[in-house]
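Tertiary structure, described
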Amino acid sequence: MHIPDGYLSPASCGVMGAVMIPIWTFASKAVRKTLSVRQVPFLAIGAAFSFVIMMFNVPIPGGSTGHAVGGALVAILLGPWAACIAVTVALVIQALLFGDGGITSIGANCFNMAFVLPFVSYYVYKLISSDSPAGSKRRIFAAGTGAYAGICVAALFAGIEFGLQPLLFHTADGQALYCPYGLNIAVPAMVGEHLLIFGWVEAFVTALVLKFLQKQGSLFGEGGQP
Amino acid sequence: MTLTGKLWAGIGALIALSPLGLILPDHFKAGSAWGEWGTDEIQKMSGYVPQGLQKVSELWKAPMPDYAFQGWESRGLVHLSLAYVISAVAGIAVISGLTYIIGKKLTRGDE
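These remarks concern the structure in this document. (Residues numbered from 1 in each chain as written. Chains lettered and ligands numbered in written order. Predicted model: local features only at pLDDT ≥ 70, side-chain atom pairs only at ≥ 80, totals over all residues.)

1. Section: the overall build of chain A
Secondary structure assignment for chain A yields 7 helices and 2 strands. Mapped in sequence order, the helices and strands of chain A form the string α-α-β-β-α-α-α-α-α. The C-alpha radius of gyration of chain A comes to 18 Å, within 12% of the 17 Å expected for a compact globule of 226 residues. Dimensions of chain A, computed from the C-alpha atoms along their principal axes, are close to 60 × 35 × 30 Å. Per-residue burial over chain A gives 63% buried out of 226 residues. Residue pairs at least 24 apart in sequence account for 74% of intrachain contacts in chain A once pairs closer than 6 positions are excluded. (Helix = DSSP H or I, 4+ residues; strand = E, 2+ residues; numbered from the N terminus. Rg over C-alpha atoms; globule rule 2.2 N^0.38 Å. Buried ≥ 20, exposed ≤ 12 C-beta atoms within 10 Å, placed from the backbone. Contact = placed C-beta atoms within 7 Å.)

2. Regarding the environment of Ala95 of chain A
Residues and elements named next belong to chain A. Within the secondary structure, Ala95 sits in helix H4 (residues 80–98). Classification of Ala95 as buried rests on a count of 23 C-beta atoms within 10 Å. For the pair Ala95 and Asn112, spaced 17 residues apart in sequence, the C-alpha to C-alpha distance is 15 Å. What Ala95 contacts, discounting residues up to four positions off in sequence, is Asp100, Gly101, Gly102, Ile103 and Ile106.

3. What about the nonpolar core?
Residues and elements named next belong to chain A. Membership of the largest hydrophobic core comes to 106 residues, with the highest contact counts inside it found for Val52, Ala82, Ala86, Val87 and Ala154. Per element, the largest residue contribution to this core is 14 residues, and it comes from helix H5 (residues 106–129). With sequence-adjacent residues up to four places away left out, Ala82 is seen in contact with Val31, Leu35, Leu43 and Val74. (Core = buried A, V, L, I, M, F, W, Y, C linked by C-beta atoms within 7 Å.)

And the structure:
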């Protein structure tokens, strides 16, 4: 889901960057209010987790690859605004050091993976877990479902961003200037592979780590302080 | 062990296992992620390279492209796995350090 440089027009990148600026500003304000000093080491581990889990490319035999993002877990444990910051740092460093995701598309990639994904995951988790006890199976199920929903909706947004390009930006004779695939191809491809495979990977890793933390008796965002 | 210690141990295990993210796609002949093709792949797939894409894609040269060292593209999986682990360690050092500093700055004044 890391949109590289060149797939989105400079105008699209500008719009996505402009959308992210107030989100980042609000995220810092929200984190200032909600995150405690003692949670900061967990935020750093959350960002590290997001980065390293994205290195686990899962193959579709003979096809493409994809991976989990880890943003759902951070959102559930430390809140969606904290997750927005942790995943943003991971995405920016991926683009700068490793060329994974473009420099110009940082706004779009952060919108999909550091904003849409954690927020959808968090609210689906909240909705399903409701007031169930911190150690309940229902919370594990809620976390997995939230993670699955979050990454699939994020993939839908990425598909729309890709798919709008040939529609909006083409030469006089109809040749695409940026991403050559329209909504009819980009959206089913992005959403389909996440619904079928990569969504389950995000759900599985999120549920697994939450289960581990339940056993440790500490869901730091949930059960109070770590 | 403290909880942070256990979690860092988990991150360490993920770093050690990370080359699986390289080896499995290679084994199952899986290509790039959707929408993350190089210009040569686009040329093959759609018969042309979009003009704007060509220009913008050359904008940034990352120091460790694709979690490898420059010029290592044709090395074997063993070398690439080593580079992958080094990339994971370097990336995590920078990312967790930076996130820690941002977190500290934002929570300054608490407690």
